[in-house]
Amino acid sequence: MEQILINLVAGALGGAGSGKALPQFDLGNVGNIIAGLVGGGVLGQLVTYLWPSVVASIQSGNFSVGSIVSNAIAGGAGGAILQIIAGVLKNSMGSK
């Protein structure tokens, strides 16, 4: 459960940060956060399944700082990526 929360929070922060850093893709505060939450949750879960060592440390109860950092990075990156994709789609639909 902690892993998912870390992914969601980091994703929300990543989405909010990328929306402000790249104003051409900004969806507004709420839109950036929602896109970040979804992206952080999805990419964070994918990275966990792709990195067996992280999964093993979480399942064994040896929750280390390294696994928290990797989850936070994956969640933040996922949030930023999905927020930017949503911004690109919004801009392309608005220009037609």
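This write-up is about the structure you can find in this document.

How each quantity is defined
- Positions within a chain are numbered from 1, following the residues in the order the chain's sequence is written.
- It should be noted that, the model being predicted, local features are given only for residues of pLDDT at least 70 and side-chain atom pairs only at 80 or more, the latter also being counted only at that level, while totals for whole chains, interfaces and linings use all residues.
- Water and hydrogen atoms were dropped before computing side-chain values, which therefore reflect all heavy atoms in the structure.
- Working definition: helices are DSSP H or I runs of at least four residues, strands are E runs of at least two. Numbering for both runs from the N terminus.
- A helix is expected to span 1.5 Å for every residue after the first.
- We call a residue buried when its accessible area falls under 20% of the maximum for its residue type, exposed when it is over 50%, and partly exposed in between, using a 1.4 Å probe and counting protein chains only.
- We define a salt bridge as a side-chain nitrogen of Lys or Arg found within 4 Å of a carboxyl oxygen belonging to Asp or Glu.
- Residue contacts are defined here by distance: any two heavy atoms, one from each residue, within 4.5 Å place the two residues in contact.
- What goes into a patch is any residue over 30% in relative accessible area without a salt bridge, connected to like charges within 9 Å or, for nonpolar side chains (Val, Leu, Ile, Met, Phe, Trp, Tyr), within 5 Å.
- We get accessible surface area from the Shrake-Rupley algorithm with a probe of 1.4 Å; when it comes to residues, only the shown protein chains can shield them.

Some remarks on helix α1 (residues 2-21)
With 20 residues, α1 should reach 28 Å at 1.5 Å per residue; the first-to-last C-alpha distance of 28 Å fits that figure. When α1 is considered as a whole, its buried residues turn out to be Gln3, Asn7, Ala10, Gly11, Ala12, Gly14, Gly15, Ser18 and Gly19.

Remarks on the pattern of salt bridges
Enumeration according to the criterion identifies 1 salt bridge in this entry. A salt bridge links Lys20 to Asp26; the nearest nitrogen and oxygen atoms lie 3.5 Å apart. Taking relative accessible area as the criterion, Asp26 reaches 23% and is therefore assigned partly exposed.

A short note on the side chain of Asn7
Residue placement: Asn7 occurs in helix α1. What makes Asn7 buried here is its relative accessible area of 0%. Once you skip the residues sitting within four places of it in the chain, Asn7 turns out to touch Gly40, Gly41, Gly44, Gln45, Asn71 and Gly75.

Quick notes on the environment of Ile73
Note that Ile73 resides in helix α4 (residues 65-94). Each C-alpha atom, one on Ile73 and one on Val47, is 10.0 Å from the other, the two residues being 26 residues apart in sequence.

Section: the environment of Leu5
Counting through the fold element by element, Leu5 comes out in helix α1. When the C-alpha atoms of Leu5 and Gly41 are compared, they prove to be 8.4 Å apart, with 36 residues separating the residues in sequence.

Description of a nonpolar patch on the surface
On the surface, Val30, Ile33, Ile34, Leu37, Val38, Val42 and Leu46 cluster together into a nonpolar patch covering about 590 Å² of accessible area. Relative to the helices and strands, Val38 is located in helix α2 (residues 28-50). Relative accessible area serves as the criterion here: at 45%, Val38 is assigned to the partly exposed category.

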